[in-house]
Amino acid sequence: MATIDETGMNALHRHESPGSSSNEKEEKVMVGEEEYRLEKPDISRPFPRDPDEMVETHQLTLRAIVVGCALGAVVGASNIYLGLKTGFTFGPQLFGAIFGFAIIKPLSKAIPESGLLGRLLGGPFGPKENCTVQSAATAAGGIGILFVSAVPALYRLNLLSVLPKSDIGKLIALTACASFFGVFFVIPLRKYYIVKQKLTFPTPAATAVTIYALHNSRTGAIAARKKSLALLYSFIIAFCFKVVSGYAPGVMFDWHIGWTLYRIGFTSIIALDNYGWWIEFTPAFFGAGMLSGLNASWSFLGGSVLAWGIIAPSLIKNGLAVGESISDQFPLVSYNALDFDNEADFTTAPSPRYWLLWPGILMMLVYSFADLGMNSGFILTAIRNANFKIDPRSWFRNTPVAGTDEEDEDETPPEDRVPTLWWTCGLAASTIMCCAILATMFNMNVGEAILSLILGFAFSFIGVQSAGTTDVNPVTAVAKASQLVFGGISKGAHLAQAPAQTVNLTAGIIAAGSAAQSTDMTGDLKTGYLLRAKPRNQFVAQLCGAVVAMFLNVGLFILFTTASNCILHPDVDQNCPYQAPSVSAWVAVAVAVTSPSLPIPSSSGFTAIGLGIFVLISVVVKHLYIPKKYWQYVPNWNAVGLAFVAPQIPFSIAMAIGSVFNYFWAKRNPAGFDMYMFAVAAGMLAGEGLGGVLQALLAIAKVDGSRFGTAIGCPGFEFCG
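Residues numbered from 1 in each chain as written. Predicted model: local features only at pLDDT ≥ 70, side-chain atom pairs only at ≥ 80, totals over all residues. Heavy atoms only, no water.

Draft legend 1. Focus on the overall build of the chain. Assigned secondary structure in the chain consists of 29 helices and 4 strands. The buried share of the chain, taken over its 721 residues, is 58%. Expressed as a percentage of contacts within the chain between residues at least 6 apart in sequence, the contacts between residues at least 24 apart total 82%. Within the structure as shown, the chain displays about 29200 Å² of accessible surface, and the carbon and sulfur contribution to it stands at 63%. (Helix = DSSP H or I, 4+ residues; strand = E, 2+ residues; numbered from the N terminus. Buried < 20%, exposed > 50% of the residue type's maximum accessible area, 1.4 Å probe, protein only. Contact = heavy atoms within 4.5 Å. Areas by Shrake-Rupley, 256 points an atom, 1.4 Å probe, with all protein chains shown as cover.)

Here you go:
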């Protein structure tokens, strides 16, 4: 899904009040024009220097690292929650930039510059140090995608211990492999994708524009205060609502309309609830719809209608899929089973969710590769124009002295760049570390370990190019190609199914994780490039953030799986609040490529092939025959496929409503929209996410809603929080 804040590239408009004097009008128009120029700079090269800009002697500070890592942790926690719900995650760049400014700017003024405290926490705060904050936040809030996809898949297939807390060492080591390898090889990508290709990177560029605007001496303080307060208020409201609603979910959070009508007397309408059609008042996915826009959000809803409003009922009616009764007293049925006691049931008596899984996965894969293929001409041309050198020896040459290399387009002073020795030694050390960890803990030989790293490096080119042009990172979908590669390797080596699945998923974690990390870090370096921040400072901040992410995400994963064991074993609770669609997709592919025969129902397979061909044709037609201004009307097949994989209809409804709200807000009040939209959406995402973290803690402490709440409004009078 795109996580682009497209409005971040818009101007901040100011409107003239009726009672203003002529001088005031003139000043306001001038300020407005100044802001417009600021919001529409040339984002292919560093922003022009402001003659009134402060000289920042300390861009890499303890306060920037600590605040950035803390803010990244907030977004990381929210992303684990959101990812386990629907597979969506959102970048922490703008959240870190705005909140970092709101925290450190007042701190820098309140604490005197003299003394030990002043040296650590005081002193002027400028845009380059603000960039350090968001660099640390981006790294600390990253890599969580692994813990909502491939890592839980290892547990669903019983390839690791029963409880993740028993594997804490393995999980930290595996995360370190993907995280640090991705950070170290990002440096050569900066040279080719940012300096020479001059890719746009919409969200990182919007982050740079936002930071530049916040530090504008005339208008920045006012805009910063408004944005910060909007973000804070929406965060607090969403957080409190999520926590409180956990004690009365059927009344405050989930409205099970089908169940309510059934209790009144409309008995057949219970099917509405059985197929997952109810309303959820979720601030996070309302905000997600605001950020994702009409196309992605309504594609998600359209996919839900197609999958769970048309296909699933048809499967049940025609006997191609079956449900499972979950109540002795009421006609409540679950259609979400993914595991069956009898192996033959996978093909002869699947659940609608399992049947729909394969068309959904194939749609997402075909869409990602087809879109990449249609852009390949542009990609190859761009790389050719960038004089991309295949010879890796060119990457290791010493940084040129300023003015001595006519081909060097980098305006960053050589002494501020990351020394070649830093990243080459780090890359070598991380490669050796990965091989050792994968060999000793996951029974992968050195060749397989190196191949997974090479695939991660290759996928990073796909991810960076896509994110740099469209702001969509397809790495998690594209990285499933690594599962196909290692599926072939394991069959060639005649591995038993369990060891083959371990190798398959572990290699996928390394390939997907390192590629996702490098893509995020390259975007982060784009922000620094535009703000003229020192890359070596950003590099250090990224490493600090990566260390935090390594421990944070493992801890959060253990927290959530301890509070809700159904994440790892969905059959223990048919009403599990975390459907984890990405996990299901990784499990399905791992099982398929390691099984003697494909465990796919024939009708599902044929439907998948048909939809895959249709998606391929639509992507080709879109790129060749439809003008770009009409692309917004072409469905986002990745979102449609996600709806097939994730039976989370309430989220698609909430996102669709959020996107419509956003559309009319932008139409009716563009000035307020430009000022507050991202802050409000980010606050709702982070607020509900952290509220979910607190609910998990309350569940572990045995004081949550399941013990002290009410089941009023919940189907079968069973608590549905």
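Draft legend 2. Geometry of the state of the cysteines. On inspection of all chains with the given rule, the structure shows 1 disulfide. Put simply, Cys714 and Cys720 are joined by a disulfide, and their sulfur atoms are 2.0 Å apart. Taking the sign of the S-S torsion, about -60° here, the bridge from Cys714 to Cys720 comes out left-handed. For Cys714, a relative accessible area of 0% corresponds to the buried category. A disulfide-free cysteine, Cys177 has its sulfur positioned 3.6 Å from the sulfur of Cys434, the nearest such atom. Judged by relative accessible area, Cys177 falls into the buried class, the value being 0%. Cys434 supplies the cysteine sulfur nearest to Cys435, a cysteine that is in no disulfide, at a spacing of 6.9 Å. Taking relative accessible area as the criterion, Cys435 reaches 11% and is therefore assigned buried. (Disulfide = S-S within 2.5 Å.)

Draft legend 3. A look at the confidence of the model for the chain. Residues of the chain with pLDDT of at least 70 account for 84%, and the chain-wide mean is 80. Confidence over residues 1–39 falls short of pLDDT 50; this stretch has 71 contacts with residues more than four positions distant or in other chains. Long-range and interchain partners of residues 398–406, a stretch whose pLDDT sits below 50, account for 10 contacts in this model, where long-range means more than four residues apart. (pLDDT = per-residue confidence, 0-100.)

Draft legend 4. Region of interest: the packing of aromatic side chains. Counted under the stated rule, the structure contains 26 aromatic pairs. Between Tyr275 and Tyr335 the ring centres are 4.5 Å apart and the planes differ by 20°, which places this aromatic pair in the stacked class. You can see Tyr275 sitting in the loop between helix H13 (270–274) and strand S2 (279–280) and its partner Tyr335 sitting in the loop between strand S4 (333–334) and helix H15 (345–348), a full 60 residues away along the chain. One exposure class covers both Tyr275 and Tyr335, and it is buried. Measuring from centroid to centroid gives 5.9 Å for Phe330 and Phe717, while their planes differ by 65°, and the two rings are edge-to-face. Residue Phe330 is found in the loop between strand S3 (324–325) and S4, and its partner Phe717 is found in the segment after helix H29 (705–708); the two are separated by 387 residues along the sequence. Owing to a relative accessible area of 8%, Phe330 belongs among the buried residues under this scheme. Using a relative accessible area of 46% as the deciding quantity, one classes Phe717 as partly exposed. (Phe/Tyr/Trp six-rings, centres within 6.5 Å; stacked < 30°, edge-to-face > 60°.)

Draft legend 5. Molecular detail of a nonpolar patch on the surface. On the surface, Phe606, Ile609, Ile613, Ile617, Val621, Leu624 and Tyr625 cluster together into a nonpolar patch covering about 760 Å² of accessible area. Looking at the secondary structure, you find Phe606 in helix H25 (residues 602–625). (Patch = residues over 30% accessible without salt bridge, like charges linked within 9 Å, V, L, I, M, F, W, Y side chains within 5 Å. Salt bridge = Lys/Arg side-chain N within 4 Å of Asp/Glu carboxyl O.)

Draft legend 6. Local environment of the packing of helix H7 (residues 168–184) against helix H18 (residues 420–441). Between H7 and H18, the least distance of the axes is 9 Å, while the angle of their chain directions is 150°. One way to sum up the angle between H7 and H18 is to call them roughly antiparallel. The way H7 lies across H18 gives a crossing that is left-handed. In this structure, H7 uses Lys170, Ala173, Leu174, Ala176, Cys177, Phe180, Phe181 and Phe184 to contact H18, whose residues at the interface are Trp422, Trp423, Gly426, Leu427, Ser430, Thr431, Met433, Cys434, Ile437, Leu438 and Met441. (Axes fitted to C-alpha atoms, helices over the stretch in contact; angles between N-to-C directions. Parallel < 35°, antiparallel > 145°, perpendicular 65-115°, else oblique. Left-handed = near helix turned anticlockwise from the far one by under 90°.)

Draft legend 7. Molecular detail of the environment of Ile700. Considering the arrangement of structural elements, one finds Ile700 in helix H28 (residues 670–700). According to the relative accessible area criterion, Ile700 is partly exposed, its value standing at 40%.

Draft legend 8. Examining the pattern of salt bridges more closely. Under the counting rule described, the total for this entry stands at 3 salt bridges. Among the ionic pairs, Lys534 bridges to Asp416, the shortest N-O distance being 4.0 Å. Of this pair, Lys534 sits in the loop between helix H22 (497–531) and helix H23 (535–563) while Asp416 sits in the loop between helix H17 (376–385) and H18; the two residues are 118 residues apart in sequence, bridging distant segments of the chain. According to the relative accessible area criterion, Asp416 is buried, its value standing at 16%. The residue Asp704 makes a salt bridge to Arg707 at a minimum N-O spacing of 3.1 Å.

Draft legend 9. Expanded view of a negative patch on the surface. A surface patch of negative charge is lined by Glu324, Asp339, Asp341 and Asp571. Looking at where Asp339 falls in the secondary structure, it is placed in the loop between S4 and H15. (Lys, Arg positive; Asp, Glu negative; His and termini not counted. Charge placed at Lys NZ, Arg CZ, Asp CG, Glu CD.)

Draft legend 10. Fine view of helix H14 (residues 283–317). Counted at 1.5 Å a residue, the expected span for H14 with its 35 residues is 51 Å, but the 35 Å between its end C-alpha atoms falls short. In H14, a bend of some 125° at Gly293 exceeds every other bend along the element. Looking one or two places after H14, you find Gly319, whose phi comes out positive at around 75°. (Expected span 1.5 Å × (residues − 1). Bend = angle between axes of the 7 residues up to and from the residue.)

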